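The chain contents come next:
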Amino acid sequence: MNNNNEIQKKRRRHMRRGTKLFVYAVVLLIALAVVSIGFRMFGPVNMSSSEVGNITTSITTTGTATSDTTTAGTPESSALNSTAAETTTGSKTGSSAPLVSNRYIQPAGAEWNIKLVNPWNPIDTKYSPPLVAYNGDKTKMFDSRAIDKLKALIAAGKQYKISVASLYRSIQLQTDLFEKEVKKVMSNQGKSRAEAETIAATVVARPITSEHHLGLAADLLFGGYPALDQSNENTPAYKWLQEHCADYGFILRYPKDKEDVTGVIFEPWHYRYVGEEAAREIMLRRITLEEYLQEKGK
Ligand SMILES: [Zn+2]
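In short, a report on the structure. Throughout, a residue's number is its position along its own chain's written sequence, starting from 1. Under the rules for a predicted model, residues below a pLDDT of 70 receive no local features and side-chain atom pairs below 80 are neither given nor counted, while totals for whole chains, interfaces and linings still include all residues. To get the side-chain values, take all heavy atoms of the structure and skip hydrogens and water.

The way it works is that DSSP assigns letters per residue, a run of H or I at least four long becomes a helix, a run of E at least two long becomes a strand, and they are numbered from the N terminus. Mapping N113 onto the fold places it in the loop between β2 (84–86) and β3 (131–134). In sequence terms N113 and R272 are 159 residues apart; their C-alpha atoms lie 9.2 Å from each other. The residues touching N113, leaving out its near neighbours within four places in the chain, are L216, R272, Y273, V274 and G275. Counted as a polar contact is a pair of N or O atoms within 3.5 Å, where, for protein atoms, one must be capable of donating a hydrogen and the other of accepting one, and residues adjacent in sequence contribute only when both atoms are in side chains. A distance of 2.7 Å separates a polar side-chain atom of N113 from the backbone oxygen of V274. In this analysis, two residues are considered to be in contact whenever any of their non-hydrogen atoms come within 4.5 Å of each other.

What follows is the structure in structure tokens.
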């Protein structure tokens, strides 16, 4: 009897030890998962970027793909020569900010039409594209190697009254706009320089990270809808562009639900020239320039 009791006690002790080990393992796994999710959401991958255009509309966003946008509804005529901001993914909303899970770094020496400029691929400050004025307007410069394609695209979509809002932006212009926003945040919110820069970056792109520096990006206004906001998605012009922009070598650069790859919110108004071959594949497969380049190793 005694022996049997001893054996049973030992068995129970063994089982308790086994249960304890199992519980420890589960707790450890949960802790690891929490840490990794926390890192992705709040860690250094929470990139923010934005760009500044020639529109007085300041678009704010909650940082999600279908985020609400507030627009000033600026008439196109007065919008063209004024200054404003397009907001892209922001870190200000914390947990709702998109995750940047794919931060492809492009190897040096990429061809001009597929150069990647985003928050983690800043433009080489020595890069100077050959620029030409769009329809003689020197506030609207574009890469001379692609200007005919831009003109052809606009001409083809004539019935949708597509027009050009913002093309090339110099690093100096972006620097000025970013600086202005930083100063505004510092004085309005009493933030330190470093804090103000982080906040400003959710409204205005940090210099050298805006694709507009390449002279290959075009912000397009659609007739009858003169604001750059996400409801442009519901216009016939947008639908036409999705079907035809690749014919002219352009892509929708910041698609919906790809914020984690591009680091930028859905921008139905922003198109990028990449050349017809890349454009057709990107638009057909509904992928991003980042994904395309990574796949091709370009
Ligand atoms: Zn743009």
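What follows concerns the nonpolar core. Remark: nonpolar core denotes a set of buried residues (Ala, Val, Leu, Ile, Met, Phe, Trp, Tyr, Cys) joined through side-chain atoms within 4.5 Å. The buried label goes to any residue with under 20% of its type's maximum accessible area, the exposed label to any with over 50%, and the partly exposed label to all in between, with areas taken from a 1.4 Å probe on protein chains only. Counting residues in hydrophobic clusters, the biggest one holds 41 residues, and the most contacted among them are F142, L150, L220, L241 and Y271. Looking at this core, the elements that each hand over two or more residues are α3 (147–156), β5 (162–166), β6 (217–222), α6 (236–244), β7 (250–252), β8 (270–273), α8 (276–285) and α9 (289–296). Filtering out sequence-adjacent residues up to four positions away, L241 remains in contact with L153, I162, L220, F222 and Y271. One finds F178, A196, A200 and A201 within the second-largest nonpolar core, a separate group that totals 9 residues.

Once that is clear, we can look at α3. Helical geometry: 3.6 residues make up each α-helical turn, so side chains three or four residues apart lie on a common side. Within α3 the residues assigned to the buried category are I147, L150, L153 and I154. For α3, the angular spread of the buried residues around the axis is 125 degrees, confining them to a single face. The inward-facing, buried residues of α3 abut β3, β4 (137–143), β5, β6, α6 and β7. By construction, the arc corresponds to the directions joining the helix axis to the C-beta atoms.

Neighbouring strands of a sheet are bound in pairs by backbone hydrogen bonds; such pairs are parallel or else antiparallel. Strands were regarded as paired on the criterion that DSSP finds at least two bridges between them. Strand order in the open sheet formed by 4 strands is β5-β6-β8-β7, with antiparallel pairing between adjacent strands. Among the strands making up the open sheet, the edge pair consists of β5 and β7. Averaged over all adjacent pairs, the angle separating strand axes in this sheet is 40 degrees, with direction ignored. By the bridge criterion, 4 bridges tie β5 to β6 in an arrangement that is antiparallel. Along β6, the bridge assignment pairs I162 with F222. Lines fitted to C-alpha atoms define the axes here, with helix axes fitted over just the stretch in contact, and angles between the N-to-C directions of these axes take values from 0 to 180 degrees.

Turning our eyes to something else, we now look at the pairing of β8. On β8, burial covers both faces: H270 and R272 on one face and Y271 and Y273 on the other are all buried. Where β6 and β8 come together, 3 bridges link them in antiparallel fashion. Bridge pairing in β8 links A217 to R272. In this structure, β7 lies alongside β8, joined through 3 bridges in antiparallel fashion. By the bridge assignment for β8, I251 is matched with R272.

Just distances and angles here, no functional claims.
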